[in-house]
Amino acid sequence: SYSELGDYANTLLYYEKSLAIEKELENLSGISLSYNNIGNVYRLQGRFKETLEMYIESLKIKEQLGEKNGMATTYCNISGLNNMLADSSSHNNTQKSAYLLKAVEFGLKAYELSLEIEALPMINYSASELVRAYTKQANYKEALKFANIS
């Protein structure tokens, strides 16, 4: 795929075309997936504000449709994005702490929902994001609890 080749311009072009088609068809599930995919490309480009906007748009639709697996995936994506932002050297400690709180918040949402729907890959993915966030917060007790899961 274009994304794997690092051709993000073409990747975005085709995801945006897909989004336009899904909107024309009024396919909410497809619209949500397109937003999520566009957000993933923005993340790879370092366009984090836009990444979050796309994930939130995707999440709104998934919540409206009750797509629990998709909701868990998007919660994990948001958790991972916040973990990544907390790693950035361009943020001060207050900002990093805020990102870690969001990483935990969305990681826990993903984990709890994944347990509810028995989605093992998402349980592991969310647990690993929680380990990352709790470790950065020096909350090793909680990190260890989730490390035994992931």
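Our subject is the structure that appears above.
Every chain begins its residue count from 1, and numbering advances along the sequence as written. This being a predicted model, a pLDDT of at least 70 is required before a residue's local features are given, and a value of 80 or more before pairs of side-chain atoms are given or counted; all residues contribute to the totals for chains, interfaces and linings. Heavy atoms throughout the structure, all of them, feed into the side-chain values; hydrogens and water do not.

K.L.:
So what exactly am I meant to see when it comes to the pattern of salt bridges here?
P.N.:
For side chains bearing opposite charge, pairing can occur when the charged atoms are close. The salt bridge definition used is simple: a Lys or Arg side-chain nitrogen within 4 Å of an Asp or Glu carboxyl oxygen. Applying the stated criterion across every chain yields a total of nine salt bridges. Ionic pairing is found between Arg47 and Glu50, a salt bridge with its closest N-O pair at 2.9 Å. Only protein chains enter the accessibility calculation, which uses a 1.4 Å probe; a residue whose area is less than 20% of its type maximum is buried, one above 50% is exposed, and one in between is partly exposed. Relative accessible area serves as the criterion here: at 30%, Glu50 is assigned to the partly exposed category. One salt bridge connects Lys136 with Asp87, and the closest N-O pair in it is separated by 2.9 Å. Taken as a pair, Lys136 in helix 6 (residues 120–136) and Asp87 in helix 4 (residues 68–87) lie far apart in primary sequence, 49 residues in all. The network of salt bridges with common partners includes Asp87, Glu129, Arg132 and Lys136. Per the convention used, a helix needs a DSSP run of H or I reaching at least four residues, while a strand needs a run of E reaching at least two, with both numbered from the N terminus.

K.L.:
Would you mind showing me how to read the side chain of Ser114 here?
P.N.:
Relative to the elements of secondary structure, Ser114 occurs in helix 5 (residues 93–117). Residue class for Ser114 comes out buried when judged on its relative accessible area of 0%. Only heavy atoms enter the contact rule, under which two residues are in contact if any of them lie within 4.5 Å. Those residues in contact with Ser114, other than ones at most four positions away along the chain, are Ala72, Ala119, Met122, Ile123 and Ser126.

K.L.:
Help me understand the packing of aromatic side chains, please; the structure alone is not making it clear to me.
P.N.:
Each aromatic ring pair is summarised here by two numbers: the centre-to-centre distance and the angle between the ring planes. Each Phe, Tyr or Trp ring, with Trp reduced to its six-membered ring, pairs with another whose centre is within 6.5 Å; inter-plane angles below 30 degrees give stacked pairs, above 60 give edge-to-face pairs, and intermediate values give tilted ones. In total, this model carries three aromatic pairs according to the counting rule given. Ring geometry for Tyr111 against Phe146: centres 5.0 Å apart, planes inclined by 90°, an arrangement best described as edge-to-face. Taken together, the residues span a long stretch of sequence, with Tyr111 in helix 5 and Phe146 in helix 7 (residues 140–147) at a distance of 35 residues. With a relative accessible area of 14%, Tyr111 lands in the buried category. The class of Phe146 is buried, set by a relative accessible area of 4%. Note on Tyr134 and Phe146: the rings are 6.0 Å apart at their centroids and 20° apart in plane angle, and the pair reads as stacked. Of this pair, Tyr134 sits in helix 6 while Phe146 sits in helix 7, and the two are twelve residues apart along the sequence. No difference in accessibility class separates Tyr134 from Phe146, as the two residues are buried. An aromatic cluster is built from Tyr111, Tyr134 and Phe146, whose rings are joined through pairwise contacts. The ring centre of Phe106 lies 4.9 Å from the NZ or CZ of Lys109, which sits over that ring. Consider the ring centre and the ring normal. A charge sits over the ring if Lys NZ or Arg CZ is within 6 Å of that centre and within 35 degrees of that normal.

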